[in-house]
Amino acid sequence: MVAAPSPAERSEPAIAPSDMANAIRALAMDAVQRAKSGHPGMPMGMADVATVLFTRFLKYDPAQPDWPDRDRFILSAGHGSMLLYALLYLTGYPGMSLEELKNFRQLGSKTPGHPEFGGTPGVETTTGPLGQGLGNAVGMALAERLMNARFGDALVDHTTYAIAGDGCLMEGISHEAASLAGHLRLGKLIVLYDDNQISIDGPTSLALSDDALRRFESYGWAVQRIDGHDPEAIAAALEAAKGEDRPSLIACRTVIGYGAPTLAGTAKTHGAPLGEAEIEGTRARLNWPHAAFEIPAEVLAAWHDAGAQGAPLSKSWTERLAGLDPATRKEFGRRIAGRLPDGWDDKLASFKQEAAAEKPNLATRVASQKALEVLNAAIPEMIGGSADLTGSNNTKTGDLGAVGPGEFGGRYIYYGVREHAMAAAMNGLALHGGLIPYGGTFLVFSDYCRPSIRLAALMRQRAVYVFTHDSIGLGEDGPTHQPVEHLAALRAIPNLQVFRPADVIETAECWELALRSETTPSVLALTRQGLPAVRTECSENYSAYGAYILAPAPRTREVTLIATGSEVQIALAAQKQLDEIGIAAAVVSMPCWKLFEDQAPHYREEVLGPGSLRIAIEAGVQMGWDRWIGSEGAFLGMSGFGASAPYEDLYPHFGITPEAVVSAVKARL
């Protein structure tokens, strides 16, 4: 195999590193000034570090930005996006032109205010909310080790680099993610900490007295402190980090806004243009006598030469891939492309047929585990996990070995009590390619995951969140653990599928839909308590419609009862009671609002019953339901928090019963 050249093997740039770094500084300050907004200080401060990384260490090929064995570079401090955009332009990434830099932060540009995955080649993840990139980097480094354990060094042998700032390390997610990375001994993860001692409010000493190196050392990381403006010190630190068998943190002491004559080292360079006078002074101080956006030909050529050094590496990798046996080559290509294997859906169909025949009474979390037994056996790229609730979330199946320190042949990750890091790492696993992550916790703790879930939706990643104990139905743990507003909060996130299945068959259908959704993350909200089978027909995936008529009205429909999950059984019981008093009701199961919204208007109207009284039943808050029930309808659910008691007592206490449904109907007809 051909590895990335060491600094000694790589051709040294003909231009001084300071001139190459100054090109980054100039582009950053010019673009922010033109946009009249942005963050010039961080790119100017970290330009020396980035120059050494991109010219002497990073394995990449701008002509092949999606080359699977490239090193990953994550700008966790996403506000400094012009650092990344300048690097992409200078090294020759497709589509990153000087015009794009001039259009920084403008509508439709490839240079948005914070890096956004999907529209700009070379951007590995969407960052901006501080610390998220660090969590993603942990997931990407873990993905590299998982894929390496399956396909070997010839195909998978790369390093994940991240630049993080003081804010990233202050955020709580950094503690969770760094602790997990240290435990797993992710030696191919190197974090460059922009230790500039400045935040928006001013000196970090206003709010921070941590010793970051000692903190990370306690997590099991290798740590170093260097002068972030000394190219040789930077190179030596990176070389040492690459020799570690554990993750590395390199604290780079830098000056924010380096080169600015009056503002360098102050918070004033963090999030505002420098101003024309300060920019002119910076050009003089840096000995950069060039107009705005003008890069001398010899400097640009040196940067292009640095970018071109990856071409032989990607070519050699492609040749190695072509030389493998057809089965391995095909399997690797399938996983990287995100295509599911042949036959998996047939196996799931057989499982549904068995469930239809047996009609089991199961909690949907147990139904999910049974579906996972089939899916994990059929789809080897599925990687499971839980935030210390494996036995409660039912996320581990018999064929999944554990992932542990230095042991990456397994497929199950014990994330510990680190919900936020789990969700961020899942994004990294998905973004890396070749893996489909799912992870579990209680639905109430989705609040701890929400920032990462939102980014998964924004980045259009296939990640599956298994959120169990989804209502007051969890019982005695009480209102601290009983989610009431969480379904509404999750449904509010664009491009997120929130599934709440009613029985085994719907649970299997929702898993199928989640896995087929290559550009949409999914939540499965699952019960603790057992539920009766409500579906016996499984020839078609009715959950794919979002909502469907589960039980038609016995006569001309007067009432439509709409329910999700555990409340579908209540709707069915109410339908019978209404029939006994001469009121004809249909029952609609609505496992996914988003998919129902996507249906044609005539289908939605047919399901909801034109002219019928609509009653919604869900053990959550009413928010959002008015869209489906209209101004004349009624909602039976939660208007406040729950209580600690057996669930059999809680449903009557909160008026979520068939009798309450009947009363609501009678009061309105």
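As the structure is a prediction and not an experimental result, all values here were calculated from the model. (Residues numbered from 1 in each chain as written. Predicted model: local features only at pLDDT ≥ 70, side-chain atom pairs only at ≥ 80, totals over all residues. Heavy atoms only, no water.)

Asks: Mind showing me how you'd approach the sheet that holds strand S16 (residues 559-563) here?
Replies: Backbone-to-backbone hydrogen bonds pair the strands of a sheet. The strands run either parallel or antiparallel. Within the open sheet, the 5 strands sit side by side as S15-S17-S16-S18-S19. Their pairing is mixed. Looking at which strands have only one partner, the edges of the open sheet turn out to be strand S15 (548-551) and strand S19 (634-636). Taken pair by pair, the neighbouring strands of this sheet meet at an average axis angle of 30°, ignoring direction. Pairing analysis gives 5 bridges linking S16 to strand S17 (residues 585-589), with the strands arranged parallel. Note that in S17 the partner of isoleucine 562 across the bridge is valine 588. Strand contacts of helix H21 (residues 568-580): S15, S16, S17 and strand S18 (613-617), with the helix running at about 175° to S17, the strand carrying the most contacts. (Pairing = 2+ DSSP bridges. Helix = DSSP H or I, 4+ residues; strand = E, 2+ residues; numbered from the N terminus. Axes fitted to C-alpha atoms, helices over the stretch in contact; angles between N-to-C directions. Contact = heavy atoms within 4.5 Å.)

Asks: Quick question: what am I supposed to make of unusual backbone geometry here?
Replies: Most of the time, phi is negative for any residue but glycine, and the peptide bond is trans. For lysine 36, which is not glycine, the phi torsion reads 65° and is therefore positive. Tracing the chain through its elements places lysine 36 in the loop between helix H1 (17-35) and helix H2 (41-56). Although it is not a glycine, asparagine 287 adopts a positive phi angle of roughly 55°. Considering the arrangement of structural elements, one finds asparagine 287 in the loop between helix H10 (276-285) and helix H11 (297-308).

Asks: It is not clear to me how the pattern of salt bridges should be interpreted in this structure. Could you clarify?
Replies: Side chains that carry opposite charge are capable of pairing whenever their charged atoms lie near each other. Here the structure, examined in full by the defined rule, presents 28 salt bridges. Between aspartate 195 and arginine 253 there is a salt bridge, with the nearest N and O atoms lying 3.0 Å from each other. In this pair, aspartate 195 sits in strand S3 (residues 189-195) while arginine 253 sits in strand S7 (residues 248-253), placing the two residues 58 residues apart along the sequence. By relative accessible area, which is 5% here, aspartate 195 ends up buried. A relative accessible area of 33% means that arginine 253 is categorised as partly exposed. When salt bridges with common partners are traced through the structure, they connect Glu331, Arg334, Arg335 and Glu381 into a single cluster. (Salt bridge = Lys/Arg side-chain N within 4 Å of Asp/Glu carboxyl O. Buried < 20%, exposed > 50% of the residue type's maximum accessible area, 1.4 Å probe, protein only.)

Asks: Looking at this model, I keep getting lost on the pairing of strand S11 (residues 436-442). Mind explaining?
Replies: If a strand is regular, its side chains alternate between the two faces of the sheet. Counted residue by residue, S11 has 7 buried out of 7 residues, so it is predominantly covered. Pairing of strand S8 (residues 382-386) with S11, which is carried by 3 bridges, proceeds in the parallel orientation. Residue pairing across strands places isoleucine 383 opposite proline 437, the latter belonging to S11. In this sheet, strand S12 (residues 464-468) lies alongside S11 in parallel orientation, the contact comprising 5 bridges. The residue bridging threonine 441 from the neighbouring strand is phenylalanine 467, located in S12. What joins S11 to S12 is helix H18 (residues 446-459), and the crossover it makes is right-handed. (Right-handed = clockwise from strand over helix to strand, strands pointing away.)

Asks: Looking at this structure, I do not really get helix H3 (residues 81-91). What am I missing?
Replies: Helical periodicity: at 3.6 residues per turn, an α-helix aligns residues three or four positions apart in one direction. Most of H3 sits out of view: 11 of its 11 residues are buried. Among the residues of H3, Ser81, Met82, Leu83, Leu84, Tyr85, Ala86, Leu87, Leu88, Tyr89, Leu90 and Thr91 are the ones counted as buried. Turning to H3, the residues buried within the fold contact H1, H2, strand S1 (72-75), helix H4 (98-102), strand S2 (160-165) and H11.

Asks: Hey, could you run me through the packing of aromatic side chains in this one?
Replies: Two aromatic rings, taken as a pair, are described by how far apart their centres are and by the angle between their planes. One pass over the full model with this rule turns up 21 aromatic pairs. Measuring from ring centre to ring centre gives 4.9 Å for phenylalanine 216 and tryptophan 221, while their planes differ by 90°; the resulting arrangement is edge-to-face. Exposure remark for phenylalanine 216: the relative accessible area of 0% places this residue in the buried category. These aromatic residues form a ring-pair network of at least three members: Tyr542, Tyr545, Tyr548, Trp593, Phe596, Tyr603, Trp625, Trp628 and Phe635. (Phe/Tyr/Trp six-rings, centres within 6.5 Å; stacked < 30°, edge-to-face > 60°.)

Asks: Please explain the nonpolar core as it appears in this structure.
Replies: Counting 135 residues, the largest nonpolar core has Met82 and Leu238 as the members making the most contacts within it. Ranked by the residues each element gives to this core, the list is headed by H1, at 11 residues. Residues contacting methionine 82, with those up to four places away along its chain left out, are Leu27, Ala28, Ala31, Val32, Pro43, Leu101 and Phe104. Counting 50 residues, the second largest nonpolar core, distinct from the first, contains Leu613, Ala616, Ile656 and Ala664. (Core = buried A, V, L, I, M, F, W, Y, C linked by side-chain atoms within 4.5 Å.)

Asks: Where do I start with the confidence of the model for the protein chain in this structure?
Replies: A low pLDDT means the predicted coordinates there should not be read in detail. Looking at the protein chain as a whole, the pLDDT averages 97, with 98% of positions reaching at least 70. Element-level mean pLDDT values for the protein chain span from 96 in strand S4 (residues 198-199) up to 99 in strand S13 (residues 497-499). In this model residues 1-8 is a low-confidence stretch, pLDDT under 50, and it forms 18 contacts with partners more than four residues away in sequence or in other chains. (pLDDT = per-residue confidence, 0-100.)

Asks: What exactly am I supposed to notice about the state of the cysteines here?
Replies: Counted by the stated rule, this structure contains 0 disulfides. In this structure cysteine 168 is not part of a disulfide, and its nearest cysteine sulfur, from cysteine 252, lies 13 Å away. According to the relative accessible area criterion, cysteine 168 is buried, its value standing at 1%. Here cysteine 449 is not disulfide-linked; the sulfur of cysteine 592 is the nearest cysteine sulfur, at 19 Å. (Disulfide = S-S within 2.5 Å.)

Asks: Honestly, the environment of valine 588 in this entry has me stumped. Any pointers?
Replies: Along the chain, valine 588 turns up in strand S17. The sequence separation of valine 588 and proline 552 amounts to 36 residues, and the corresponding C-alpha distance is 8.3 Å. Aside from chain neighbours lying at most four places away, what touches valine 588 is Ala547, Tyr548, Ile549, Leu550, Thr560, Leu561, Ile562, Ala563 and Val607.

Asks: For this particular structure, what's the right way to read the packing of H1 against H10?
Replies: The geometry of a pair of packed helices is captured by two quantities: the angle between their axes and the separation between those axes. Running from N to C, H1 and H10 cross one another at 170°; their axes reach a closest spacing of 11 Å. One element, H1, and the other, H10, form an angle in the roughly antiparallel class. Packed against H1, whose contacting residues are Ala26, Met29, Asp30 and Gln33, the element H10 presents Glu276, Ile279, Thr282 and Arg283 at the interface. Classifying every residue of the contact of H1 with H10 gives 3 nonpolar, 2 polar and 3 charged. (Parallel < 35°, antiparallel > 145°, perpendicular 65-115°, else oblique. Nonpolar A, V, L, I, M, F, W, Y, C, P; charged D, E, K, R; others polar.)

Asks: Is there a simple way to think about helix H13 (residues 326-337) in this case?
Replies: Taking 1.5 Å as the rise per residue, H13 with 12 residues should run 16 Å; its terminal C-alpha atoms sit 16 Å apart, in good agreement. Where H13 is concerned, the buried positions are Phe332, Arg334 and Arg335. Buried residues in H13, looked at end-on, bunch into an arc of 160°, giving them a common side. Exposed positions of H13 whose direction lies more than 90 degrees from the buried face are Pro326 and Lys330. In this fold, the buried residues of H13 make contact with helix H5 (132-151) and helix H12 (311-323). After H13 finishes, the residue glycine 338 shows a positive phi value of roughly 80°. (Expected span 1.5 Å × (residues − 1). Arc of directions from axis to C-beta.)

Asks: Mind showing me how you'd approach the packing of helix H14 (residues 344-358) against helix H15 (residues 364-378) here?
Replies: Two elements in contact, H14 and H15, have axes separated by 9 Å at closest approach and are oriented at 150°. As far as their axial angle goes, H15 and H14 are roughly antiparallel. Of the two possible hands of crossing, H14 and H15 adopt the one that is right-handed. Within the contact between the two elements, H14 uses Trp344, Lys347, Leu348 and Phe351 and H15 uses Ala367, Lys370, Ala371, Val374, Leu375 and Ala378. For the contact of H14 with H15, the residue count by class is 8 nonpolar, no polar and 2 charged. (Left-handed = near helix turned anticlockwise from the far one by under 90°.)

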